Amino acid sequence: MRILLVEDEKRLSNVVKKGLIEEGYAVDQAFDGSEGLYLAESETYDAIILDVMLPKMDGITVCRNLRQKKISTPVLMLTAKTRVEDRVAGFDVGADQYLGKPFAFVELKSRLQALLRRNLKDVESIFEIDDLTVDPLKHIVFRDGQLIELTPKEFAILELLMRHKGEVVTRTQITEHTWDYNFDSMSNVVDVFITTLRKKIDYKNKKKLIHTVHGVGYKIG
Ligand code: CA
C-alpha cells in the first residue's frame, strides 16, 4: 500500500513515516499543501494522510481540489484543532476520516486500515504476475500456490515492483519508498534485500520474475 503523507511538522512526519514503513507501507512525504496536491494528482496512492494547517495551501483546500478533479483517493485528515466546525469543513470537502492531534500511532494505524479496507473494492487490490499473487492489504504473497513469508521491507519492495510491473524501478525509488529519511543510500542494502526476496520468490521456480537492470535498478515481469 502506498501512502501520501502531507504534514509540515518534519519531526512528526518522519515519525509517522517510519512507523508506517515498519508496517510495510510505502510512504511519500509532502511538507506543504501545494506539494501535497501536486503529488496526489500526479501519483497513485491508496490513501492520503492530510494535515489541515499547512503552509501554501491548507488541507481543506487540498481536499476540495482533489474531489473537484474527481480524484477519490481516501483522505484521513489530521488537525490540532478540535473544533467541530473544522471537522465538518473536512467532511464537507470530501475527507473520509478525521483524527485529532495529538494522536497515538496505533490510532492512526487503525483509522488508516479501516479506510483502506473500506476502499478495497474500488481499487486494484490484488497484484498478479505469472503464478505470483500479492495482496497488499492482507500482506500475503503466493507463488505457485505456496504461501511465502516476507518481512515488511521485503514485502514493501515487492509491492513497489508489482505496481510498476514491466518497468524498471531504480534503487533510489526503492530507498525513497521503503526506508526512512536517515537511510544511507550509498550502502548496498537494497541489493541485500533483493537477494533475500529472490531466494523466497524465484529460487525454487524455473521462471525468474525479478530481473536486474544493470546500473539502474530492478524490474519484475
Ligand atoms: Ca500543520
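Residues numbered from 1 in each chain as written. Predicted model: local features only at pLDDT ≥ 70, side-chain atom pairs only at ≥ 80, totals over all residues. Heavy atoms only, no water.

K.L.:
I'm lost on empty space enclosed by the protein in this one. Help?
P.N.:
Using a probe with the size of a water molecule, rolled over the atoms, empty space left in the structure can be pinpointed. Under the counting rule described, the total for this entry stands at 1 cavity of 30 Å³ or more. Quantified by volume, the largest cavity comes out at close to 40 Å³. For the largest cavity, the full set of lining residues is Met1, Arg2, Gly24, Tyr25, Ala26, Ala156, Glu159, Leu160 and Arg163. Formed jointly, the lining of the largest cavity draws a minimum of three residues from each of two domains, domain 1 (2-119) and domain 2 (127-220). (1 Å grid on protein atoms, 1.4 Å probe; cavity = no way out; pocket = protein on both sides within 12 Å on 5 of 7 lines; lining within 4 Å. Points joined across faces, edges and corners; volume = space filled by probe spheres on them. Domains from an automatic or database assignment.)

K.L.:
Looking at this structure, I do not really get the domain arrangement of the protein chain. What am I missing?
P.N.:
One frequent convention defines the size of an interface as the accessible area lost when the parts assemble. Domain annotation of the protein chain identifies domain 1 (2-119) and domain 2 (127-220). With centres defined by C-alpha atoms, the gap from domain 1 to domain 2 works out at 26 Å. If you look at the interface, domain 1 gives 15 residues, while domain 2 gives 13 residues. With both sides pooled, the region where domain 1 packs onto domain 2 buries about 1200 Å², and carbon together with sulfur makes up 54% of that total. Taken as a group, Arg2, Ile21 and Gly24 account for 36% of the area that domain 1 buries against domain 2, more than any other trio of residues on that side. At the junction of domain 1 and domain 2, the tally comes to 1 salt bridge. Across the pair Arg163 and Asp46 runs a salt bridge whose closest N-O atoms are separated by 2.7 Å. There are 1 residue pair in polar contact (both at pLDDT 80 or more) connecting domain 1 and domain 2. Breaking the side of domain 1 that touches domain 2 down by element, the ones donating at least two residues are helix H1 (10-22), strand E2 (26-30) and helix H5 (105-119). (Contact = heavy atoms within 4.5 Å. Buried area = accessible area lost by both parts, 1.4 Å probe. Salt bridge = Lys/Arg side-chain N within 4 Å of Asp/Glu carboxyl O. Polar contact = N/O pair within 3.5 Å; in protein donor to acceptor, adjacent residues only side chain to side chain. Helix = DSSP H or I, 4+ residues; strand = E, 2+ residues; numbered from the N terminus.)

K.L.:
Quick question: what am I supposed to make of the pattern of salt bridges here?
P.N.:
If charged atoms from side chains of opposite charge come close, those side chains can pair. Throughout the structure, instances matching the rule amount to 17 salt bridges. A salt bridge links Lys101 to Glu9; the shortest N-O distance between them is 3.2 Å. Residue Lys101 is located in the loop between strand E5 (97-100) and H5, and its partner Glu9 is located in the loop between strand E1 (2-6) and H1; the two are separated by 92 residues in the primary sequence. With a relative accessible area of 41%, Glu9 lands in the partly exposed category. Via salt bridges that share partners, Glu7, Glu9, Asp51 and Lys101 belong to a single interconnected network. (Buried < 20%, exposed > 50% of the residue type's maximum accessible area, 1.4 Å probe, protein only.)

K.L.:
Got a minute to help me understand the coordination of the calcium ion in this structure?
P.N.:
For a metal with four donors in a tetrahedral arrangement, the ideal angle between donors is 109.5 degrees, while six donors in an octahedron ideally sit at 90 or 180 degrees. Protein coordination at the calcium ion comes from Asp8 (OD), Asp51 (OD) and Met53 (O), with a distance range of 2.1 to 2.3 Å. Each donor residue of the calcium ion lies on the same chain, and together they follow the pattern D-x42-D-x1-M. Here Asp8 is found in the loop between E1 and H1, whereas its partner Met53 is found in the loop between strand E3 (47-51) and helix H3 (59-68), with 45 residues between them in sequence. (Donors = N, O, S within 2.8 Å, 3.2 Å for Na, K, Ca; no water.)

K.L.:
Honestly, the sheet that holds strand E10 (residues 169-170) in this entry has me stumped. Any pointers?
P.N.:
Sheets are built from strands paired through backbone hydrogen bonds, the pairs being either parallel or antiparallel. One open sheet holds the 3 strands; their spatial order is E10-E12-E11, and the pairing between them is antiparallel. Unpaired on one side and paired on the other, E10 and strand E11 (210-213) mark the two borders of the sheet. Two strands pair when backbone bridges link them, and E10 and strand E12 (residues 217-220) are joined in this way by 2 bridges, in the antiparallel orientation. The partner of Val169 across the bridge, within E12, is Tyr218. The strands touched by helix H6 (residues 152-163) are E10 and E12; relative to E12, the strand with the most contacts, the crossing angle is about 70 degrees. (Pairing = 2+ DSSP bridges. Axes fitted to C-alpha atoms, helices over the stretch in contact; angles between N-to-C directions.)

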